[in-house]
Amino acid sequence: MTDRHRSPAADAVGQPSPLDSARKCFTLLVTGPQPLSVNGRDFPGLPNRLVPLDELRDRMLRRHCPRRTRDAVWAHLVRQSREHGATWTLACTGMALPALAGVAHWLTARFPGDVFDAHAEVLSGFLGALATVDVDRPRVLVRLRWAAFRAGVAALYEALDAPAPVGRDFRSAPPRPPWGHPDLVLARAVRLLVLTRTEADLIGATRLDETPLTDWADRHETSHEAAYKARWRAERRLVSFLREQAATTDPDDPVAACVTDELPPATLRPRPARRSPSVTDAGCESPARPDGKSARAVSKPGADSGLLRCGGPTPALPADASPEVPRCA
């Protein structure tokens, strides 16, 4: 593993973090005359030979690596971890270290407590997801990374909610804005009862993980229209929540102003059903009669009716004008 994948905590305190320990174990697995490998013949786009896991990881990090190859390899790795235990679990961790190191770096910059705790939570969230992630769905590594991120965010919230230390050893901590990483926003909305867990999962899966709305609806045994309406209502509440939170911040804060500008209009409403041009305007409708019939005739004889209805009565004809309207040719 290269230095760019090292945990930032190792250099900060001179002691390896949980992710650094996982890196060393992975290095041992791929070192020697018989490194831990996969058969490249079983996967599209890989060489027809045994491919060591460190080489496999480098190949999968390349931009031109097909997504189906990544998904097939990760499905195989997760199944091996579930069937054979420790060795392949360490192999999965080492293969995911570039993604986990990015999550750990993001949390370390914001974590007010011991960074080892944050890294341990990230690793714990990843290992827990190995036992439950659905390998038949695409983007296996993306969903494992989100599980690690959620675990780290939970630890971050717990540390931020802890009482302030008493004494001289104070440390600065970042503010708690209502915006930030999309998953962080959703987690905060669930905590404050703005969204339910199902609604947050619906938004996260269909907006962040690029899962088609129809697939989400089928997995949750609901209709496509019901899922669309549920997401629309949940996003409306989320937008209102973010606007309320941004309104309480410093008005000179450029981040708050930027977030407010990016939010959709608060007055957005569903598109109304199209009406026939011959239907009377809503402002001129009369209350319905008890017998169910219209209170007025379709052709209005009033002074404000007809083509000249512009907010005033129809102008009277001159005295010398003929009351007949000439027929069209």
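Residues numbered from 1 in each chain as written. Predicted model: local features only at pLDDT ≥ 70, side-chain atom pairs only at ≥ 80, totals over all residues. Heavy atoms only, no water.

Digging into the overall build of the protein chain
When its secondary structure is counted, the protein chain shows twelve helices and two strands. Within the protein chain, buried positions represent 34% of all 329 residues. Sequence separation of at least 24 residues holds for 57% of the intrachain contacts in the protein chain that already meet a minimum separation of 6. (Helix = DSSP H or I, 4+ residues; strand = E, 2+ residues; numbered from the N terminus. Buried < 20%, exposed > 50% of the residue type's maximum accessible area, 1.4 Å probe, protein only. Contact = heavy atoms within 4.5 Å.)

Here's the deal with the environment of alanine 200
Looking at where alanine 200 falls in the secondary structure, it is placed in helix α9 (residues 197-208). With 38 residues separating them in the primary sequence, alanine 200 and leucine 238 have C-alpha atoms 9.7 Å apart.

Considerations on helix α8 (residues 182-191)
Burial runs high along α8: seven of the ten residues are buried. Among the residues of α8, those classed as buried are Asp183, Leu184, Val185, Leu186, Arg188, Ala189 and Val190.

Describing helix α6 (residues 115-130)
Its 16 residues place the ends of α6 23 Å apart at the C-alpha level, agreeing with the 22 Å of an ideal helix rising 1.5 Å per residue. Looking only at α6, the buried set comprises Val115, Phe116, Ala118, His119, Val122, Leu123, Gly125, Phe126, Ala129 and Leu130. (Expected span 1.5 Å × (residues − 1).)

Observations concerning the packing of aromatic side chains
The full count for this structure, using the stated rule, is two aromatic pairs. Taking the centre distance of 5.3 Å and the plane angle of 55 degrees together, the rings of tryptophan 106 and phenylalanine 149 count as tilted. Highlighted residues: tryptophan 106 in helix α5 (residues 86-108) and phenylalanine 149 in helix α7 (residues 140-161), separated in sequence by 43 residues. Exposure remark for phenylalanine 149: the relative accessible area of 2% places this residue in the buried category. (Phe/Tyr/Trp six-rings, centres within 6.5 Å; stacked < 30°, edge-to-face > 60°.)

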